[in-house]
Each structure stands twice: as structure tokens, then as C-alpha cells.
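Structural characterization, general
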Amino acid sequence: MQLRKEGKFRRCARVYLKSRKYRLFLQTQPDFALKSLGIHKGFLRLFALHPACVCEISVIFFVFRYAIRKGWLLMRHLIDPLDFTKEETQKLLDLADRIHDDPEAYQDVADRKRLATLFYEPSTRTRLSFESAMLRLGGKVLGFPDAGVSSASKGETVADTIRIISCYADIAAMRHPKEGAPLRASLYSKIPVINAGDGGHSHPTQTLLDMMTIRRRKGRLDNLTIGFCGDLKFGRTVHSLIKSLARYDNIKFVLISPEELRVPDYIINEVLEPRGIPYIETRNLEGALPDLDILYMTRVQRERFFNEEDYIRLRDSYILTAEKLSLAPADMAVLHPLPRVNEITLDVDDDPRAAYFEQAQNGVYVRMALIMTLLGLKDPKTGEVAFEC
């Protein structure tokens, strides 16, 4: 008996392996999932012939068998900030803190390893911090800084590019203007893929360094009131951080933006309201400042606008000055993913609450920890990997 439309089911398996439903099943039922690998081939054939007659768990059986054969369960990628559990995120941040406190102890951890930086759009902080992280670990770096100097300019697909890069490097960091490009790359990659930002969708490594900065400044990631100000519509850093912090207790969000740049409905409908997380939407920055533990400023992103007039009209919606900052608590921290344009004036830089340059520095330590973890490299301080991938 032959499996009908085998290619279709294998493609479905690839998609399922990247889904949140699969991750949740793996995290909550690992023993049952592993036992399912021994299911009889005839049951899989029955699924192929009569999919409507077999319960959904047979899909999971099929996926696991195929995944083991292809070796997909032997490595993990970071595509979305929720790809790591809350506990795994904590362990990764603990490792980043240890690196921060004694970076010299980690200078040879990634000797003979190579990182490929695949950046299809311009970047300063993200690309250079990834490269700095790998070099500080004793590894090497290769890649391209812009799509125009890669074979993408000749029409090469993301899938083909990552197949080639998998022959040259041990791990890859990809930034792409199209949402979902790093996810697609991970489906064809033989090496771990890190999403370094995809369009307006997600920026998981920025989220990790934001969380590290908040934790070092406030000593916790729960019991916080966090204000996001500026471009909340296209700000992928905002979307990623909200989704990650929503997993912590007693979190409150204050969303400060003009109507045209308010946070997308899916953040409200799929993240905040189902969890019962309190939030306020407002246009008044000055009125919100006294109640905040964290203020996360963002720039209005010119590259996300199709209409120049709309950008010019909205770009100066919110400008944080030293005078406005005087309204905030003395221990509030000001974060910004950078680059800034004029949304934070220079006189704020000297205020001890300004944490955005510290935030950029923390990006190196977080990415060092992430590279080590995805490559399965042991922490020389503890003799263990942060968590098994």
C-alpha cells in the first residue's frame, strides 16, 4: 500500500513542527510524544487514506516519526520569542548575566565555530552585536550586510540561500524585510537559524536583551507597569516584548500612540485580553509617566510607510525631553531599541534613568548566551549547557 500525496503530508509535517500547537504538545506531553514514535506504519497509512477517520493525534505521530528521520528534533531555532519557554528564557538570561559579569571566561567557548549573518536590510546594532558576540566567544563570522550584495539580487530564494549557508556555517542570524522569511529558512536549514528581525512581525533577540535590561534595572520581570510609546503598529520590538512579558505575573501595559499607530488588534485580542492582562491605550505621554516602572520609546519608522506625507505628519508625535522626564519616578528606566531620530532629546542621555545604551551593550551578552545555547556549548562556569536544545 502506498501513501497517497506523500509530499503534501510531509509539507504539512514541516509546518506543524513550527506551530505553537506542536511546541505546546512537546512541552506538556514529552513522554507521551516519545512513546508515539513507535506507532505502527499501518496506522499512518490509514491516516493517509482516510484522514477524516483518524483523530488529530495521528498527525502528531506522523510528524514525530518524520522529524526523527530527518533529524529535525536534534536542533532548535529562535524564530519567535515564545519559541523558548518561560523557564528556558530565565536560564538564558542567567547565562547572559554570568557573561556580563565575567566576559573573559567565555572567550574561547566557540572556537572553530562559524556564524553567518544574513542581513537583507540595513542594520547597525543587531548585525554588529551578533558579530561581536561570536568573535568574543572565539568564533568566526561570515555573511552579507545587504541583499544587494548577495545572490538575492539575482533572484535566489531564501530556501536556496540557507541550504548553501548550511554548508559553510554552524549557525545563522537572518534579518529580512518580509515577515516569515526566517521561519521559511528554518524549514530548509541544517543549522540553527536565529530571527534577527522580519518586517514588522518579530525581533526575538531584541526582546531577550530588553528583558535582560529590565531585569538588571528592576531586579524582576513581574509586578511591573510598562509603557510603550510611539510607533506601536509597525514596531516589531514592541510586539515581541509584549508577547514575552505577558507570561509574567501582575504585568500592566500602557500603550501610548496616535490612533494611526496604535498596537495591532491581534496583540489585544490574542495576547492581552485572553490572559486578562490590564492595559490602557492613551495619547497622553505626560499623564502616563508618573505611574510607569519602564518607558519603552520607539521611533516612527519611515521605512514602514508607503505615504511620505503620513510619515512627516506622525514622526514628531512624541518627544521625550528632560523636562517631561521630571514627571517620572526616580527609579523608572527609559529603554529604546535604537536608532533614535528625535523622539529622545540629547539632554535625556545624562539622566541615570536612560538605559538605552546599556540596553545595546546587553545585546552582545544575550547573543553570546543564545549562540552558546543553540550550539550546545557548555558554560565554563557551570560545566553545563543553559538548557538542552
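Structural data are supplied above this passage.
**Considering the overall build of the protein**
What the protein contains, in helices and strands, is 16 helices and 9 strands. Here the protein holds 389 residues, and 52% of them are scored as buried. As displayed, the protein offers around 18000 Å² of accessible surface, 51% of which is attributable to carbon and sulfur atoms.

**A short note on the sheet that holds strand E2 (residues 140-144)**
A sheet is described by the order of its strands in space; here 4 strands give the open sequence E2-E1-E3-E4, paired in parallel fashion. Each having just a single partner strand, E2 and strand E4 (193-198) make up the two edges of the open sheet. Taken over all neighbouring pairs, the strand axes of this sheet differ in orientation by 15° on average, direction set aside. As paired strands, strand E3 (residues 171-176) and E4 are joined by 4 bridges and run parallel to one another. Note that in E4 the partner of His-176 across the bridge is Asp-198.

**Focus on the sheet that holds strand E7 (residues 279-282)**
Each strand in a sheet pairs with its neighbour through backbone hydrogen bonds, running either in the same direction (parallel) or in the opposite one (antiparallel). Ordered by their spatial adjacency, 5 strands build an open sheet running E7-E6-E5-E8-E9, and the pairing between neighbours is parallel. The strands lining the two open edges of the sheet, one partner per strand, are E7 and strand E9 (333-335). Going from strand to strand, the sheet's axes swing by 15° on average, the running direction of each strand aside. Pairing between strand E5 (residues 224-229) and strand E6 (residues 251-256): 6 bridges, direction parallel. Residue Leu-224 lies in a different strand from E6, and its bridge partner there is Ile-251.

**Comments concerning the side chain of Arg-236**
Secondary-structure assignment places Arg-236 in helix H11 (residues 236-245). Accessibility expressed as a relative area gives 8% for Arg-236, which makes it buried. A distance of 3.3 Å separates polar atoms of two side chains, one belonging to Arg-236 and the other to Glu-121.

**A few points about the packing of aromatic side chains**
Following the criterion strictly, the structure yields 5 aromatic pairs and no others. For the ring pair Phe-84 and Phe-387, a centre distance of 5.1 Å and an interplane angle of 75° mean the geometry is edge-to-face. Linking Phe-84 in the loop between helix H5 (57-70) and helix H6 (86-101) with Phe-387 in the segment after helix H16 (356-374), this pair joins segments that are 303 residues apart in sequence. The exposure classification of Phe-84 matches that of Phe-387, with both residues buried. Aromatic pair Phe-228 and Tyr-296: ring centres 5.4 Å apart, planes at 50°, arrangement tilted. With Phe-228 in strand E5 and Tyr-296 in strand E8 (residues 294-297), the pair connects residues that are 68 residues apart, well separated along the chain. Using a relative accessible area of 0% as the deciding quantity, one classes Phe-228 as buried. Judged by its relative accessible area of 0%, Tyr-296 is buried. Members of the aromatic cluster, each reached through a chain of ring pairs, are Phe-228, Phe-253 and Tyr-296. Positioned above the aromatic ring of Phe-130, the side-chain terminus of Arg-367 is 4.9 Å from the ring centre.

About the criteria used
Position numbers for residues start from 1 in each chain and track the written sequence from start to end. In view of the model being predicted, local features appear only for residues whose pLDDT reaches at least 70, and side-chain atom pairs are presented and counted only at 80 or more, with totals across whole chains, interfaces and linings using the full set of residues. Hydrogen atoms and water are omitted, and side-chain values are computed over all heavy atoms in the structure. Where helices and strands are cited, they refer to DSSP runs of H or I of at least four residues and of E of at least two residues respectively, numbered from the N terminus. The buried label applies to any residue whose accessible area, calculated with a 1.4 Å probe on protein chains only, is under 20% of its type's maximum; exposed applies above 50%, and partly exposed to all values in between. Only the protein chains shown count as covering a residue, and every accessible area follows the Shrake-Rupley method with a 1.4 Å probe. Two strands form a pair only when DSSP identifies at least two bridges running between them. Axes here refer to lines fitted to C-alpha atoms; in helices the fit is confined to the stretch in contact. Angles between the N-to-C directions go from 0 to 180 degrees. Counting of polar contacts relies on pairs of N or O atoms within 3.5 Å, with two restrictions inside protein: one atom must be capable of donating a hydrogen and the other of accepting it, and residues adjacent in sequence are counted only when both atoms are side-chain atoms. Put simply, two rings from Phe, Tyr or Trp (the six-membered ring, in Trp's case) pair if the centres are within 6.5 Å, and we call them stacked under 30 degrees between planes, edge-to-face over 60, tilted for the rest. The rule is short: NZ of Lys or CZ of Arg within 6 Å of the ring centre and within 35 degrees of the ring normal puts a charge over the ring.

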